[in-house]
Protein chains: 2
Amino acid sequence: MTLGLGSISAHRLLRRLLHISPPLSLAGLYAGFILLGGLCFKLPGAMLGELSWSDAFFTAASAVTVTGLSVVDAGTQFNLLGEAVLLVLIQLGGLGLMTFAVLVLAALKVPVGLTGQIYLSEELNQSSMHRLMRLVKRIFQVVLVCELAGAALLATSFVPMLGLGRGLWVSLFHAVSAFNNAGFSTFSDGLVPLAADPIINIVIPALFIVGGVGYVVIDDVIRNRRWGRFSLHTKIMLSGSTILIFWGWGAFAALEWHNPGTLGQFDGAPLRLMVAWFQGVTPRTAGFNTVEMAEMHDSTALMVISLMLIGAGPTSTAGGIKVTTFVVMCLATVAFFQRRTQLNAFGRSIGLHEVLKVMALTAISVIVVFVGVFLLAATQEGHFLDVSFEVASAFGTVGLSRGFTGELTDPGRAVIVAIMFIGRVGPLTLGYFLATRSVPRVRYPEGRIHLG
Amino acid sequence: MTLGLGSISAHRLLRRLLHISPPLSLAGLYAGFILLGGLCFKLPGAMLGELSWSDAFFTAASAVTVTGLSVVDAGTQFNLLGEAVLLVLIQLGGLGLMTFAVLVLAALKVPVGLTGQIYLSEELNQSSMHRLMRLVKRIFQVVLVCELAGAALLATSFVPMLGLGRGLWVSLFHAVSAFNNAGFSTFSDGLVPLAADPIINIVIPALFIVGGVGYVVIDDVIRNRRWGRFSLHTKIMLSGSTILIFWGWGAFAALEWHNPGTLGQFDGAPLRLMVAWFQGVTPRTAGFNTVEMAEMHDSTALMVISLMLIGAGPTSTAGGIKVTTFVVMCLATVAFFQRRTQLNAFGRSIGLHEVLKVMALTAISVIVVFVGVFLLAATQEGHFLDVSFEVASAFGTVGLSRGFTGELTDPGRAVIVAIMFIGRVGPLTLGYFLATRSVPRVRYPEGRIHLG
Ligand SMILES: [K+]
Ligand SMILES: [K+]
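Definitions and cut-offs
Residues numbered from 1 in each chain as written. Chains lettered and ligands numbered in written order. Predicted model: local features only at pLDDT ≥ 70, side-chain atom pairs only at ≥ 80, totals over all residues. Heavy atoms only, no water. Helix = DSSP H or I, 4+ residues; strand = E, 2+ residues; numbered from the N terminus. Contact = heavy atoms within 4.5 Å. Areas by Shrake-Rupley, 256 points an atom, 1.4 Å probe, with all protein chains shown as cover. Core = buried A, V, L, I, M, F, W, Y, C linked by side-chain atoms within 4.5 Å. Buried < 20%, exposed > 50% of the residue type's maximum accessible area, 1.4 Å probe, protein only. Patch = residues over 30% accessible without salt bridge, like charges linked within 9 Å, V, L, I, M, F, W, Y side chains within 5 Å. Salt bridge = Lys/Arg side-chain N within 4 Å of Asp/Glu carboxyl O. UniProt positions renumbered as here; feature names shortened; annotations may be inferred. Axes fitted to C-alpha atoms, helices over the stretch in contact; angles between N-to-C directions. Parallel < 35°, antiparallel > 145°, perpendicular 65-115°, else oblique. Nonpolar A, V, L, I, M, F, W, Y, C, P; charged D, E, K, R; others polar. Donors = N, O, S within 2.8 Å, 3.2 Å for Na, K, Ca; no water. Buried area = accessible area lost by both parts, 1.4 Å probe. Polar contact = N/O pair within 3.5 Å; in protein donor to acceptor, adjacent residues only side chain to side chain. Phe/Tyr/Trp six-rings, centres within 6.5 Å; stacked < 30°, edge-to-face > 60°. Lys NZ or Arg CZ within 6 Å of the ring centre and 35° of its normal. pLDDT = per-residue confidence, 0-100. Least-squares fit on C-alpha atoms with pLDDT ≥ 70 in both. Expected span 1.5 Å × (residues − 1).

Trainee: Can you explain the overall build of chain A? Please cite residues and give values.
Mentor: Each helix and strand in chain A was counted, giving 18 helices and 2 strands. Within chain A, contacts between residues at least 6 apart in sequence are counted, and of these 71% link residues at least 24 apart. Carbon and sulfur atoms form 68% of the exposed surface of chain A, whose accessible area is close to 17,000 Å².

Trainee: Break down the nonpolar core for me, citing the residues and quoting the values.
Mentor: Nonpolar side chains in soluble globular proteins generally cluster together in the buried interior. Counting residues in each nonpolar core, the largest one holds 240 residues, and the members touching the most others are Phe41 of chain A together with Phe41 of chain B. Ranked by residue count, the leading element in this core is helix H16 (residues 352-379) of chain A, at 10 residues. With residues near it in sequence (within four places) discarded, Phe41 of chain B still touches Ala46, Met47, Leu51, Ala56, Thr59, Ala60, Phe78, Gly82, Val85, Leu86 and Leu89 of chain B.

Trainee: Before we move on, can you summarise a nonpolar patch on the surface with the specific residues and values?
Mentor: Residue and element names in this part refer to chain A. Taken together, the side chains of Ile367, Val371 and Leu375 present a nonpolar region at the surface, about 240 Å² in accessible area. One can find Val371 in helix H16. With relative accessibility at 41%, the residue Val371 sits in the partly exposed group.

Trainee: Summarise the UniProt feature "transmembrane region" (unreviewed entry) in chain A; cite the residues concerned and give the values.
Mentor: All names here are of chain A. With numbering aligned to this structure, UniProt lists the feature "transmembrane region" (unreviewed entry) at residues 20-41, 84-108, 139-162, 199-218, 230-249, 317-337, 358-378 and 414-435. The straight-line gap between the two end C-alpha atoms of residues 139-162 is 31 Å; of that span, 100% is helix and 0% is strand. Within residues 230-249, the helical portion is 90% and the strand portion 0%, while the C-alpha atoms at the span's ends are 26 Å from each other.

Trainee: Let's hear about the packing of helix H11 (residues 215-224) of chain B against helix H12 (residues 232-256) of chain B: which residues, and what values?
Mentor: Residues and elements named next belong to chain B. At a closest axis distance of 9 Å, the pairing of H11 and H12 adopts a crossing angle of 105°. What the angle tells us is that H11 and H12 run roughly perpendicular. In contact with Val216, Val217, Asp220 and Val221 of H11, H12 contributes His233, Thr234, Met237 and Leu238. Taken together, the residues that form the contact of H11 with H12 break down as 5 nonpolar, 2 polar and 1 charged.

Trainee: How would you summarise the coordination of the potassium ion (ligand 2) if you had to cite specific residues and measurements?
Mentor: All names here are of chain B. Coordination of the potassium ion (ligand 2) by the protein is provided by Val66 (O), Thr67 (O), Asn181 (O), Thr285 (O), Ala286 (O), Thr397 (O) and Val398 (O), with metal-donor distances spanning 2.4 to 3.0 Å. Linear spacing of the donor residues for the potassium ion (ligand 2) on their chain is V-T-x113-N-x103-T-A-x110-T-V. One end of the pair, Thr67, is in the loop between helix H3 (53-64) and helix H4 (74-77); the other, Ala286, is in the loop between helix H13 (269-281) and helix H14 (298-310), with 219 residues separating them in the sequence. A single burial state applies to Thr67 and to Ala286, both of which are buried.

Trainee: Quick rundown of the interface of chain A and chain B? Include the residues and the values.
Mentor: Interface size is often expressed as the accessible area that is lost when the parts come together. Across the contact, 43 residues belong to chain A and 43 residues belong to chain B. Of the roughly 4,100 Å² buried between chain A and chain B on both sides combined, carbon and sulfur atoms contribute 81%. Taken together, chain A and chain B are joined by 0 salt bridges. At the junction of chain A with chain B, the criterion picks out 0 residue pairs in polar contact (both at pLDDT 80 or more). Counting only elements with at least two residues in the side of chain A that touches chain B, the list comes to helix H14 (298-310), helix H15 (323-337), H16, helix H17 (384-395) and helix H18 (410-437) of chain A. A total of 16 residues in the side of chain A that touches chain B trace back to one element, the largest contributor, which is H16 of chain A. Split by residue class, the side of chain A that touches chain B holds 27 nonpolar, 10 polar and 6 charged.

Trainee: Give a description of the packing of aromatic side chains that names residues and reports values.
Mentor: Using the criterion set out here, one finds 15 aromatic pairs over all chains in the structure. Centre to centre, the rings of Phe208 of chain A and Phe278 of chain A are 6.0 Å apart; their planes meet at 85°, and the pair counts as edge-to-face. With a gap of 70 residues between them, Phe208 of chain A in helix H10 (residues 198-213) and Phe278 of chain A in helix H13 (residues 269-281) connect regions that are remote in the sequence. Relative accessible area serves as the criterion here: at 0%, Phe278 of chain A is assigned to the buried category. Ring centres 5.8 Å apart and planes at 75° place the aromatic pair Trp227 of chain B and Phe346 of chain B in the edge-to-face group. With a gap of 119 residues between them, Trp227 of chain B in the loop between H11 and H12 and Phe346 of chain B in the loop between strand S1 (343-345) and strand S2 (348-350) connect regions that are remote in the sequence. A cation over a ring is seen here: Arg413 of chain B above Phe58 of chain B, with NZ or CZ 6.0 Å from the ring centre.

Trainee: Report on the confidence of the model for chain A, specifying residues and quantitative values.
Mentor: Residue and element names in this part refer to chain A. For chain A, per-residue confidence averages 78 on the pLDDT scale, and 79% of positions sit at 70 or higher. Contacts from residues 1-8, a stretch scored under 50 in pLDDT, to residues over four places away or in other chains number 13 contacts. Long-range and interchain partners of residues 104-119, a stretch whose pLDDT sits below 50, account for 26 contacts in this model, where long-range means more than four residues apart.

Trainee: So what's going on with the packing of helix H12 (residues 232-256) of chain A against H15 of chain A? Residues and values would help.
Mentor: Residues and elements named next belong to chain A. Running from amino to carboxyl end, H12 crosses H15 at an angle of 90°, the nearest separation of the two axes being 9 Å. In terms of orientation, H12 and H15 fall into the roughly perpendicular class. Each of His233, Ile236, Met237, Gly240, Ser241 and Leu244 in H12 lies in contact with H15, whose residues at this interface are Val323, Thr324, Phe326 and Val327.

Trainee: I'd love a proper account of the relation of the copies chain A and chain B, names of residues and values included.
Mentor: In screw terms, the move from chain A to chain B is a rotation of 180° and a rise of 0.0 Å along the axis, fitting with an RMSD of 0.0 Å. Viewed as a symmetry operation, the transformation between the two copies matches a two-fold axis. Most of the interface of chain A is mirrored in chain B, where 100% of its interface residues again form contacts.

Trainee: Just give me the short version of H13 of chain B, but keep the residues and values in it.
Mentor: All names here are of chain B. With 13 residues, H13 should cover 18 Å at 1.5 Å per step; its first-to-last C-alpha distance of 18 Å lies within 8% of that length. Looking only at H13, the buried set comprises Arg272, Val275, Ala276, Trp277, Phe278, Gln279, Gly280 and Val281. The inward-facing, buried residues of H13 contact helix H10 (198-213), H12 and H14.

Trainee: Tell me what's going on with unusual backbone geometry, and back it up with residues and numbers.
Mentor: Backbone geometry at Arg225 of chain A places phi at a positive 60°, although glycine is not the residue there. Following the sequence through the fold, Arg225 of chain A ends up in the loop between helix H11 (215-224) and H12.

Trainee: Describe the pattern of salt bridges, naming the residues involved and giving the relevant values.
Mentor: All names here are of chain B. Per the counting criterion, the structure on display carries 6 salt bridges over all chains. The residue Glu83 makes a salt bridge to Arg166 at a minimum N-O spacing of 2.9 Å. On the criterion of sequence distance, the pair formed by Glu83 in helix H5 (residues 80-95) and Arg166 in helix H9 (residues 164-179) is long-range, its members being 83 residues apart. Overall, Arg166 belongs to the partly exposed group, its relative accessible area being 36%.

Trainee: Quick one: what's the story with the environment of Pro205 of chain A, residue by residue and with numbers?
Mentor: All names here are of chain A. Mapping Pro205 onto the fold places it in helix H10. Residue class for Pro205 comes out buried when judged on its relative accessible area of 0%. Spatially, the C-alpha atoms of Pro205 and Phe278 are 6.8 Å apart, while their sequence positions differ by 73 residues. Pro205 has contacts with Ile200, Trp277, Phe278 and Val281, leaving out every residue within four places of it along the chain.

Trainee: Summarise the environment of Thr156 of chain A; cite the residues concerned and give the values.
Mentor: Within the secondary structure, Thr156 of chain A sits in helix H8 (residues 129-162). As for Thr156 of chain A and Ser171 of chain A, which are separated by 15 residues in sequence, their C-alpha atoms are 8.8 Å apart.

Trainee: Requested: an account of the side chain of Thr262 of chain A, with residues and values cited.
Mentor: All names here are of chain A. Take Thr262: it is sitting in the loop between H12 and H13. For Thr262, a relative accessible area of 0% puts it in the buried group. With sequence-adjacent residues up to four places away left out, Thr262 is seen in contact with Glu256, Val291, Glu292, Glu295 and Met296.

As structure tokens, then:
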């Protein structure tokens, strides 16, 4: 999309791109990858069965936004080439296009000038150029190490099951899909038949938790190693994520313990706790599931919806309003009832203008979700809970579904694609506003946290 | 409840009450009225049929919180005494107990001291004692004039239908019920059979719009008469309400125009527009309906839910987050995207600490609604949309229902009663925090608005 379009040189095109409004070109690049991906899926020989245009673009959008909602049966319709295209799209979408842009620029020996730096810093919420370049290197190290280690561990389960060649490929696919929180699987039933496999229950969640916590946090943890030295952002992300993980795990177990459609089918408390663990951590953006989402009670579904809307960390592969935004919202509420106008966390204060950002992010998110549910309800049949679940899943780029994805009409698919796109690009675009607004102003001695 | 409990004199009891935490005693008074109302409904001869304790207290809670959700058939189970008790509870709940407290104190010649003044000012968000006393007088004038005028106009429709005596009583009942946004009717089918009656379509909405805009606004309009002299609060309430009214009207008409269960049954555009008008204005707390809510499309139901959650004005008979809160939320979002940290409206600024209040109010509201839907979904069967609709209706003290009220089990009723109570008392309690927090601080030259 950005390279080698004939008459215009790649240099000039890239330079031009960097002079367009960054949020616009970010959105443009994502849209470009979706188009390219959709075209690839339509290539002769890319798939076992013929995909319709609508199927192809929906799948590409779901992959690039690392959502994982699917209208195509991965187990029967993808051949190896199709799976490879899917994997590349997931990796491109998950890594963040900005990381890519810098590499391309460096490879082309284009000087990474001021615009490019600002451009990149929006996606990563980083303002120092030095830290930025190290962060990009770190991203690639972490991604490579995690995905390869994950694939190696998964291979101990998949190779005996599928043979060496196929087993290794499937292991790599699931490692990449998990680390990027994409939720795509090569199996028709996803991971449901593997619900009781301990390797799956440890390696996959480990990958998507690390991938979802955000590169900034990973970098901070690797560099500083000790809690006392972590930034406010890292502390909030780590403690907030931990609480949400235990909350999701406990609530799922308590609500579904005796449901024969979900946990009730497994014998014994340890097994049920393990299956509940997987379902408790997956809603905050991963999107894999080992039990049928449609079999959950309505109350559990609502709990899962709330987790999907919260999502995981900024500068990660997650959608949703993000954990930090949620934490600031809670802190603001507590501060209000204690009649304070200052928010404090871990010995640092958070300015009131941060509350304004949180307010804006929340308002926009509520509007997007409301409008999404409204449009789906207005244009097609469907149980209200399933529709709400699907929209929350798309907005949080989660990919869990109560089976409504397959029932989507073409207008319905367009709505879901738009919401996935907003869920993935929207926060980044908001991040642009977050990042640039404070630049020309006075800097307060406050702890910085990321809200996008 | 507060008067004549034998050994302790009314004086001392009242003085004591005023020294308890105001939010606590406010909640206590409301709870007392609900208990008293429930007991009255159980009096021999108060009803035609026997009410269970659960029926009696649910009805009393619904009346005192001016919600209007009903588990009792008003048309067949209430006799005149029962209707009178209902009317008194509605009027008590609607007028605001604080207005009442001052009158009782004045009648008992208890000096209305500092505590009492602060106490009253919380409910009405007024800080000047002079304005306060005038406001209380104004409240009673406005209530009396509106309810009597409304009853007289409604009589032109009800007297020919029901005869002089019954017609006048029914007119008074509906006028009081409408002005206090209670939504109770003496008919089994509510106002559904009267959907095409022009008097009903003009008088009832006029009453509940005036009642829902808030006493402060009414007082400001009567005193100042000209837009330029109105306070920021009044301007925001009037313009916000107007926009929401036209939005609700237009959206309902557009979505339901051809639905044979709602607008489609009426012949001709003028009639359909009139019926749509009624349904478009009723969700923001009134609770009357002239078409079946269960027949609406899911998309329309979602639109109605959003209006119910917004509600009407502070210091009114409304529940929900209130129009001013919603407007500040919108202003904050716009300001954020324009990269301003100051909110402006009508040439006045709104401080960032107001955004903190809005954030807290919104967060609490979201939690209450989420927990309510969750508890109902967890404890009983029911379509998810109907459950969400019922909870939003209870939180906004609206009283519209898709027929789920009758299906509530006893735990379900307890949940709805709790949400109605929070919907009515919660914002007042929050109002206490809003009012007192800014008192000891520096006063900024800002326009004041009410958020509770
Ligand atoms: K996902
Ligand atoms: K009502």
